Amino acid sequence: MEFFLISLLNGVTYGLLLFMLSSGLTLIFSMMGVLNFAHASFYMLGAYFAYQISTYLGFGAALLVAPLVVGALGAVVERYGLRKAHRFGHVAELLFTFGLAFLVEEIVHLVWGKSSVDYKIPEYFDGTLFTLFSTSFPIYKGFMMLVSVGMLVALYLLLTRTRIGLIIQAALSKPDMVQALGHDVPKIFMLVFGGGTALAGLAGVIGGNAFITEPGMAAAVGSIVFVVVVVGGMGSLAGAFVASLLIGCIQTFSVGITFSVTDLAALFGVRLEDSSAVARLTVTQLAPVLPYLLMVAILIFRPRGLMGARES
Amino acid sequence: MTHRIRSTVAVGALLLAGSAFAQVKIAYIDPLSGPFANVGEAGLKGFREIADTINAKGGANGQKIEFVPFDNKGSPQESLINFKAVTDQGIRFITQGNGSGVAHALVDAVNKWNARNPDKTVLYLNYAAVDPTLTNDKCSFWHFRFDANSDMKMEAITNFMEKDKSIKKVFIIGQDYAHGHQVAKAAKAMLAKKRPDVQIVGEDLHPIGRTKDFAPYIAKIKAAGADTVITGNWGNDLSLLIKAAKDAGLKAKFHTYYAGGLGTPAAMGPAGEGLVLQLTEWHMNVQPNKAEAFATAFNKKYPGVEFYYLRVNTMMLMLAEAMNKAKSTDPKQVALTLEDMRFEADNGEVWMRKSDHQMIQPLYISIFSKVDGKAVKHEVEHTGHGFKTLASITARDSQLPTTCIMERP
């Protein structure tokens, strides 16, 4: 029971962080049709900016300022980079973001070095929020959950209760129609791109010190956010939310399961030889692969994702 | 234009004047980017510092020692590309430590290169890759290891655990590559012999350098009811593991190889007190501590990094002595002098065993404790805590037999 509840909490915390990262990506992907390979790079920039700002002004300021800076940067990239590439079609856009990811990584190398930086959890968050049975739950994880849920609510209100949200929603499923109705779609694109990258930046601010701030952090989460978008379904924030939590929980729970192919065969009365390394692989060892397995399965059996609004 | 040529000539002349000494170049092949960059950078600083000390005293066989860093990104493939560059540049000595996978690739490459180029041989000095096979089945005349191998370390740790009757349930966690597998294998085999009453309640391998959130593993360790955890993890894989244990309030003892530095003490803070142990050839509070002055000066010079690798000093001092004795910097001559060498290092007398090129040195088991001014004089990483010696293992006692049948040139 203790293991189950703690794993659930860990899974949800991780899932919420994933959602913060992928919500921006899924908005950009579905509105503009751009698979933004550099999305995780904005996550990394968020962490590095927060580290830099927190050394001068403290963590509180970093939490507010770093996502805004990242968002502004994202908007500039869209306005002066992506929009130019857009004229030459989707392949050009894809290549542009692909190159951008490498560019950001090299810039981080040059500015902050190739090693990790000392971006720490502030002291006032260093402690135990509550103790469940005998396992303590750190304050910072609670804070991460709070920020994620707060962001989720704000995003929901923005998309369903405001005029701009209405247009964004319309553009998610029928971008051409929205343009035909006379809305300034390029400007909306810029806003969405800036907003999406700001969310990635925010995830970086709170993920960077919870884990580790290093130049490889973008590549480490880069592929998993695509899994979230694909599994959740195009254009569906709710889908991205469900997929994030699902993947977060799959990753945490699978670590706890020591069940191997040998055990499975034993259930059916088949005794496998001990020598085969594959037969001895446990679910724990497979944990890092499972999200990708899920993505492949979804693409085969339900190409539009769990809650996808459209096929392409 | 003429002005520029003149200044170029002047600079060139200066450079020539600077290298009036011939130089012994040593290639440092280790991760300088990626998840283990901090470990690679700390190692390089250690090497450069001791090289400066040796150079200030006249160098090795009258020549200055210079380190040439190569970033292998922690990968065996990259290391082989690095090795190609090393031989292209005519560098005759290489050193590496982080990752036994890399070590295996390099030993193979060095063996092949030396067989084909007997006049341009390369010597491989291993300061930290601890897979036992490197000095057993896969031993090579061109490879010298200055760190106790994984089995020697586990032997010392399990000897210590044998006496601790409070240990009932043990969990083994490690990185999923040669080293992690070896640690788990040795721990199980040795515990079964020394403490058959101890139950192994779990065994996990996680991807190396890619796990950032160890909370699920800690939940599993806790659910298994382990009172002791054995891990061979290093770098961020250890810091993050211990940090997650701290966050979840896990009160198990951690028997580690590498908890003494590179961010781990800072990550655990006071929560690690009395719970985290390490096995090393030296730590800042050993008695007598002959490296105290060197370590203090090092820590002052490089804020953010603490002196950790005493064996790096031992290795470089032995290398310099071997070059002086052989009156040569030829790798083969140096290797022949280095094998069977006995040397008075800062942690006592050490011996480079001739049969397998495994260095035999004293080892210490120490525990993370509050600074008390007596047994724990020095803190690590500004935690107010340092390491306290619980057991000393003499060089003689740390030995294990080898299966090495060495082919000599």
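Not measured: the values here are computed from a predicted model.

### Digging into the overall build of chain A
Argument step 1. Across its full length, chain A holds 13 helices and two strands.
Argument step 2. Expected size for 312 residues packed as a compact globule is a radius of gyration near 20 Å; at 21 Å, chain A falls within 12% of this value.
Argument step 3. When burial is assessed residue by residue, chain A has 52% of its 312 residues classed as buried.
Argument step 4. Of all intrachain contacts in chain A linking residues separated by at least 6 positions in sequence, the fraction that spans at least 24 positions is 77%.
Argument step 5. Within chain A, one finds 16 positive and 15 negative side-chain charges whose respective centroids are separated by 13 Å.

### Re the overall build of chain B
Argument step 1. Broken down by element type, chain B carries twelve helices and 15 strands.
Argument step 2. Here chain B has a C-alpha radius of gyration of 22 Å; the compact-globule value for 409 residues is 22 Å, and the two agree.
Argument step 3. For chain B, the spread of C-alpha atoms along the three principal axes comes to 75 × 50 × 40 Å.
Argument step 4. Contacts in chain B between residues far apart in sequence, at least 24 positions, make up 71% of those at least 6 positions apart.
Argument step 5. In the structure as shown, chain B presents an accessible area of about 16,200 Å², 55% of it carried by carbon and sulfur atoms.
Argument step 6. Separation between the mean location of the 49 positive side-chain charges and that of the 42 negative ones in chain B comes to 1 Å.

### Structural notes on the interface of chain A and chain B
Argument step 1. At the junction of the two partners, chain A supplies 27 residues and chain B supplies 29 residues.
Argument step 2. Between chain A and chain B lies a buried interface of about 2,200 Å² when both sides are counted; carbon and sulfur atoms form 57% of it.
Argument step 3. Where chain A touches chain B, the interface holds two salt bridges.
Argument step 4. Residues Lys246(B) and Asp126(A) are paired through a salt bridge, measuring 3.8 Å at the closest nitrogen-oxygen approach.
Argument step 5. Every element with two or more residues in the side of chain A that touches chain B is listed here: α1 (2-32), β2 (135-138), α8 (185-210), α10 (237-256) and α12 (283-286) of chain A.
Argument step 6. Per-element accounting of the side of chain A that touches chain B gives the leading share, five residues, to α1(A).
Argument step 7. The class makeup of the residues in the side of chain A that touches chain B is nine nonpolar, 13 polar and five charged.

### Focus on the domain arrangement of chain B
All names here are of chain B.
Argument step 1. Examined at the domain level, chain B breaks down into domain 1 (2-148 + 302-360) and domain 2 (151-280).
Argument step 2. A separation of 31 Å is found between the C-alpha centroids of domain 1 and domain 2.
Argument step 3. Each partner contributes to the interface: domain 1 provides 21 residues, whereas domain 2 provides 20 residues.
Argument step 4. Across the domain 1/domain 2 interface, buried area totals approximately 1,600 Å², and carbon plus sulfur atoms make up 70% of it.
Argument step 5. When residues of domain 1 are sorted by the area they lose upon contact with domain 2, Phe36, Pro132 and Tyr308 head the list and together hold 36% of the total.

### Re the packing of aromatic side chains
Argument step 1. In the structure shown here, the tally under the stated rule is 31 aromatic pairs over all chains.
Argument step 2. For the ring pair Phe42(A) and Phe193(A), a centre distance of 6.3 Å and an interplane angle of 85 degrees mean the geometry is edge-to-face. Of this pair, Phe42(A) sits in helix α2 (residues 39-57) while Phe193(A) sits in helix α8, and the two are 151 residues apart along the sequence.
Argument step 3. Each ring, one from Phe36(B) and one from Trp234(B), has its centre 4.2 Å from the other, and the planes form 35 degrees; the classification is tilted.

### Quick word on the nonpolar core
Argument step 1. Counting residues in hydrophobic clusters, the biggest one holds 138 residues, and the most contacted among them are Ile94(B) and Met316(B).
Argument step 2. Of the residues forming this core, the biggest block, nine residues, is contributed by helix α11 (residues 310-326) of chain B.
Argument step 3. Two domains each provide a minimum of three residues to this core, namely domain 1 (2-148 + 302-360) and domain 2 (151-280) of chain B.
Argument step 4. What Ile94(B) contacts, discounting residues up to four positions off in sequence, is Ile26(B), Ala27(B), Ile29(B), Phe83(B), Val86(B), Leu106(B), Val110(B), Val122(B), Leu123(B), Tyr124(B) and Leu125(B).
Argument step 5. Of all hydrophobic cores here, the second largest spans 83 residues; its members include Leu18(A), Leu202(A), Val229(A) and Ala243(A).

### Quick word on the side chain of Ser398(B)
Residues and elements named next belong to chain B.
Argument step 1. Along the chain, Ser398 turns up in the segment after β15 (385-393).
Argument step 2. A polar atom in the side chain of Ser398 sits 3.4 Å from the backbone oxygen of Gln361.
Argument step 3. The contact partners of Ser398, leaving out residues within four places of it in the chain, are Met152, Ile360, Gln361, Leu363 and Ile393.

### Details of the sheet that holds strand β6 (residues 169-175) of chain B
Residues and elements named next belong to chain B.
Argument step 1. If you trace the seven strands from one edge of the open sheet to the other, you get β7-β6-β8-β9-β10-β14-β15, paired in mixed fashion. Every interior strand has two partners, whereas the edge strands, β7 (199-206) and β15, have only one. Each neighbouring strand pair of the sheet contributes to a mean axis angle of 20 degrees, computed without reference to strand direction.
Argument step 2. Bridging between β6 and β7 involves seven bridges; their strand directions are parallel. Within β7, the residue paired with Ile172 across the bridge is Glu203.
Argument step 3. Each of β6, β7, β8 (228-231), β9 (253-256) and β10 (276-280) touches helix α8 (residues 236-248); the most contacted strand, β9, lies at about 175 degrees to it.

### A closer look at the pattern of salt bridges
Residue and element names in this part refer to chain B.
Argument step 1. Counted according to the given criterion, the structure contains 22 salt bridges over all chains.
Argument step 2. A salt bridge links Lys290 to Glu344; the nearest nitrogen and oxygen atoms lie 3.6 Å apart. Residue Lys290 is located in the loop between β10 and α10 (292-301), and its partner Glu344 is located in strand β11 (residues 342-345); the two are separated by 54 residues in the primary sequence.
Argument step 3. A residue is classified by how much of its surface remains accessible, and Glu344, at 52% relative accessible area, is exposed.
Argument step 4. Between Lys325 and Glu321 there is a salt bridge, with its nearest N and O atoms 3.7 Å apart. With Lys325 and Glu321 both in helix α11 and four residues apart, this pair spans about one turn of that helix.
Argument step 5. A residue is classified by how much of its surface remains accessible, and Glu321, at 27% relative accessible area, is partly exposed.
Argument step 6. Here the residues in one salt-bridge network are Asp147, Lys153, Glu281 and Arg311, joined through shared partners.

### Things to note about unusual backbone geometry
Residue and element names in this part refer to chain B.
Argument step 1. With an omega of -10 degrees, the peptide bond between Gln287 and Pro288 qualifies as cis.
Argument step 2. On the secondary structure map, Pro288 appears in the loop between β10 and α10.
Argument step 3. Although it is not a glycine, Lys73 sits at a positive phi angle of roughly 55 degrees.
Argument step 4. Here Lys73 shows up in the loop between β2 (64-71) and α3 (76-88).
Argument step 5. One non-glycine residue, His382, adopts positive backbone phi at about 55 degrees.

### Quick notes on the pairing of β9(B)
All names here are of chain B.
Argument step 1. In the sheet, β8 pairs with β9 via four bridges, with the strands oriented parallel. In the strand pairing of β9, Thr231 is matched with Thr256.
Argument step 2. Read from β8 through α8 to β9, the crossover connection turns out right-handed.
Argument step 3. Relative to β10, β9 runs parallel, the two being bridged by three bridges. When the bridges of β10 are listed, Phe254 appears paired with Val276.

### A closer look at empty space enclosed by the protein
All names here are of chain B.
Argument step 1. Here the structure, examined in full by the defined rule, presents four cavities of 30 Å³ or more.
Argument step 2. Lining the largest cavity are 20 residues, and of these Val39, Asn98, Trp234, Tyr258 and Tyr309 lie nearest its centre.
Argument step 3. Its residues assigned to classes, the lining of the largest cavity comprises eleven nonpolar, eight polar and one charged.
Argument step 4. Mapped onto the domain boundaries, the lining of the largest cavity takes at least three residues apiece from domain 1 (2-148 + 302-360) and domain 2 (151-280).
Argument step 5. Taken as a whole, the second largest cavity encloses approximately 40 Å³ of empty space.
Argument step 6. In terms of lining, the second largest cavity is formed by Ala42, Gly46, Leu262, Phe298, Val305, Glu306, Phe307, Tyr308 and Tyr309.

Here is what the cut-offs are and how they apply
- Residues numbered from 1 in each chain as written.
- Chains lettered and ligands numbered in written order.
- Predicted model: local features only at pLDDT ≥ 70, side-chain atom pairs only at ≥ 80, totals over all residues.
- Heavy atoms only, no water.
- Helix = DSSP H or I, 4+ residues; strand = E, 2+ residues; numbered from the N terminus.
- Rg over C-alpha atoms; globule rule 2.2 N^0.38 Å.
- Buried < 20%, exposed > 50% of the residue type's maximum accessible area, 1.4 Å probe, protein only.
- Contact = heavy atoms within 4.5 Å.
- Lys, Arg positive; Asp, Glu negative; His and termini not counted.
- Charge placed at Lys NZ, Arg CZ, Asp CG, Glu CD.
- Areas by Shrake-Rupley, 256 points an atom, 1.4 Å probe, with all protein chains shown as cover.
- Buried area = accessible area lost by both parts, 1.4 Å probe.
- Salt bridge = Lys/Arg side-chain N within 4 Å of Asp/Glu carboxyl O.
- Nonpolar A, V, L, I, M, F, W, Y, C, P; charged D, E, K, R; others polar.
- Domains from an automatic or database assignment.
- Phe/Tyr/Trp six-rings, centres within 6.5 Å; stacked < 30°, edge-to-face > 60°.
- Core = buried A, V, L, I, M, F, W, Y, C linked by side-chain atoms within 4.5 Å.
- Polar contact = N/O pair within 3.5 Å; in protein donor to acceptor, adjacent residues only side chain to side chain.
- Pairing = 2+ DSSP bridges.
- Axes fitted to C-alpha atoms, helices over the stretch in contact; angles between N-to-C directions.
- Right-handed = clockwise from strand over helix to strand, strands pointing away.
- 1 Å grid on protein atoms, 1.4 Å probe; cavity = no way out; pocket = protein on both sides within 12 Å on 5 of 7 lines; lining within 4 Å.
- Points joined across faces, edges and corners; volume = space filled by probe spheres on them.

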